[in-house]
Structure formats: structure tokens, C-alpha cells
Amino acid sequence: MRSQIYRSVSNSLRSFISASKSSPLCAGRAVAAATATSFRGKAPAVASFYGRTESRHVPNGWLSGLLAVPAAVYMLQEQDVYAAEMERTFIAIKPDGVQRGLIAEIMSRFEHKGFKLVAVKLVVPNKEFAEKHYHDLKERPFFSGLCDFLSSGPVLAMVWEGEGVIKYGRKLIGATDPQKSEPGTIRGDLAVVVGRNIIHGSDGPETAKDEINLWFKPEELVTYQSNSEKWVYGLN
């Protein structure tokens, strides 16, 4: 009997979360606050979806389950908000970085910062593909040489996820010219000249979206929760 109740609660919870996205009446915070009332042997008065309140005598074993419903709603809604704040950016280790054996070093910079890898593959792009990647530079005199270089060997294409990963990813990478990059950045520590600056990173949200779609199919992107996130973002 109790397992049937919990299954029913679970189904109701899913419906409740879905409804809460379109109706402020079902906001998780409001429902959670409604349960924070004093009680003596009774379930607390909880506002129903229609604004009514009910109070019933229930066995003590059920009370924690009833109280857990609005709390779970609130927690899941908080997780939805957290997920919405996460960004994704495209990062590529260019042929020079791959050939120099810098893959582990570069990936560790992002991992140690706290960002999460959600897609990775080693590919050798042809020149036509390189031209699509650098399409915004096609009017520059160095465009052809840039595309030749990107298609000259294996490229490690990656998607990293995290709060502020686009902007801070660029900081981790450093200035385009390694000699103008600060010590501690990837280019500042590992590269010398502009033509061999070992790494590429998206410079904004729209660019990140376009580059991820160019290099990866949707099914190649993984969504998961890392065990370290509570230590990075302070989630409980």
C-alpha cells in the first residue's frame, strides 16, 4: 500500500513540476513554504492546486513522505535553474597542440578549473570543413593559410560545460598572440608565435552554438551530473 502511495506521489510530482513551468501558482518556493507550519499528529495544512487547504490525521510514517513532496519540487526546480545557468563552449586543440603532445596538459587546465567535458573526438578536418569553421575570416589575407593549417593534421574537438565557461575559457586560453598572453594562460605558457598558438575557443554564445553544431552531432553531446559539481558550485 505504501509503495503505491509513493508511486502516486512520484507521478504527481512529475506533473506538478511540468505545471510549475507555466503557472506561478505552482512555484516550488511557495509550496515549500506552505509546509513549514507547526503540527501535532496531523499533516500540515498544504495549499492545494486550487487554493484550498486540507488537514487530515495520518500515520506518522507517511508524514515524512508528504513533507518531502514540496521539498523535492523545490529542489528539482532549483536544479532546473542551475542547469539553465550552465554554458557550453567549443574548444579545439589544433594540429600543433596535438603533435606536440599537449592534449593532457590543456584538458587538465579546464578540468582543474572545474569545467565539465561533455563531448570530445579526434578528427582530421578537410580544407572545406576548415573554411566553414573560419568563415568569419574569409576576407582576411591569411584565410587560406589558416584553413590549410587546421586541415593539416588531427584536431581534438571538445565541448566543455560550466558557469561562465565561454568567457573564462577565453581567459584560460590567453591572447591570440602568445607573446601577448599572460603567464599562466595556455598560450602564454605553451606557445610562442601566432601561427602556432595551439588552441581555439569560442568567443561568444552565438559562436559557441554555431561551432558546436558544426563539429558535433546532437547525439554526440552528453548530459550528466558530475560528482564534483557540489564542490565546485556549492550545491547541496
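Procedures and definitions
- Residues numbered from 1 in each chain as written.
- Predicted model: local features only at pLDDT ≥ 70, side-chain atom pairs only at ≥ 80, totals over all residues.
- Heavy atoms only, no water.
- Helix = DSSP H or I, 4+ residues; strand = E, 2+ residues; numbered from the N terminus.
- Contact = heavy atoms within 4.5 Å.
- UniProt positions renumbered as here; feature names shortened; annotations may be inferred.
- Buried < 20%, exposed > 50% of the residue type's maximum accessible area, 1.4 Å probe, protein only.
- Polar contact = N/O pair within 3.5 Å; in protein donor to acceptor, adjacent residues only side chain to side chain.
- pLDDT = per-residue confidence, 0-100.
- Salt bridge = Lys/Arg side-chain N within 4 Å of Asp/Glu carboxyl O.
- Axes fitted to C-alpha atoms, helices over the stretch in contact; angles between N-to-C directions.
- Parallel < 35°, antiparallel > 145°, perpendicular 65-115°, else oblique.
- Left-handed = near helix turned anticlockwise from the far one by under 90°.
- Nonpolar A, V, L, I, M, F, W, Y, C, P; charged D, E, K, R; others polar.
- Arc of directions from axis to C-beta.

Here we look at the environment of Lys94
Now for step 1: Checked against the element boundaries, Lys94 lands in the loop between strand 3 (87–93) and helix 4 (95–99).
Now for step 2: Expressed as a C-alpha distance, the spacing of Lys94 and Phe149, which sit 55 residues apart in the sequence, is 8.6 Å.
Now for step 3: For Lys94, the contacting residues outside a window of four places in its chain are Tyr134, Phe149, Leu150, Pro154, Arg187, Asn197, Ile198, Ile199 and His200.

Considering the UniProt feature "active site" (unreviewed entry) in the protein
Now for step 1: Feature annotation in UniProt places "active site" (unreviewed entry) on His200, given in this structure's numbering.
Now for step 2: Dropping the residues within four chain positions of it, His200 is found in contact with Phe90, Ile91, Ala92, Lys94, His133, Ile173, Arg187 and Glu211.

Some remarks on the side chain of Arg109
Now for step 1: With respect to the helices and strands, Arg109 occurs in helix 5 (residues 103–113).
Now for step 2: Here Arg109 falls in the buried class, since its relative accessible area comes to 18%.
Now for step 3: In terms of polar contacts, Arg109 uses its side chain to reach the side chain of Glu105, at 2.9 Å.
Now for step 4: Not counting residues up to four positions away in its chain, the partners in contact with Arg109 are Leu172, Gly184, Thr185, Ile186, Asp189 and Leu190.

So, the confidence of the model for the protein
Now for step 1: The predicted model of the protein has a mean per-residue pLDDT of 78, with 64% of residues at 70 or higher.
Now for step 2: Taken as a whole, residues 12–58 scores under 50 in pLDDT and shows 58 contacts with residues more than four places along the chain or in a different chain.
Now for step 3: In this model residues 79–84 is a low-confidence stretch, pLDDT under 50, and it forms five contacts with partners more than four residues away in sequence or in other chains.

Side note on the pattern of salt bridges
Now for step 1: By the definition in use, this model includes seven salt bridges.
Now for step 2: When the shortest N-O distance is used, the salt bridge between Lys116 and Glu229 registers 2.6 Å. Of this pair, Lys116 sits in strand 4 (residues 116–123) while Glu229 sits in helix 11 (residues 229–233); the two residues are 113 residues apart in sequence, bridging distant segments of the chain. The same class applies to Lys116 as to Glu229, namely buried.

Observations regarding the packing of helix 5 against helix 8 (residues 165–173)
For any two helices packed against each other, the geometry is given by the interaxial angle and the distance between the axes.
Now for step 1: Closest axis-to-axis distance for the helix 5/helix 8 pair is 11 Å, and the angle between their directions is 135°. With respect to helix 8, the element helix 5 is oriented oblique. Considering only the axes of helix 5 and helix 8, their crossing is right-handed. Touching Arg109, Phe110 and Lys113 of helix 5 are Tyr168, Gly169, Leu172 and Ile173, all from helix 8.
Now for step 2: Among the residues making up the contact of helix 5 with helix 8, the classes are represented as four nonpolar, one polar and two charged.

Observations concerning helix 10 (residues 205–215)
Now for step 1: Within helix 10 the residues assigned to the buried category are Ala208, Glu211, Ile212 and Trp215. Considered in projection along helix 10, the buried side chains sweep an arc of 100° and stay on one side of the axis. Facing away from the buried side of helix 10 by over 90 degrees, the exposed positions are Glu206, Lys209 and Asn213.

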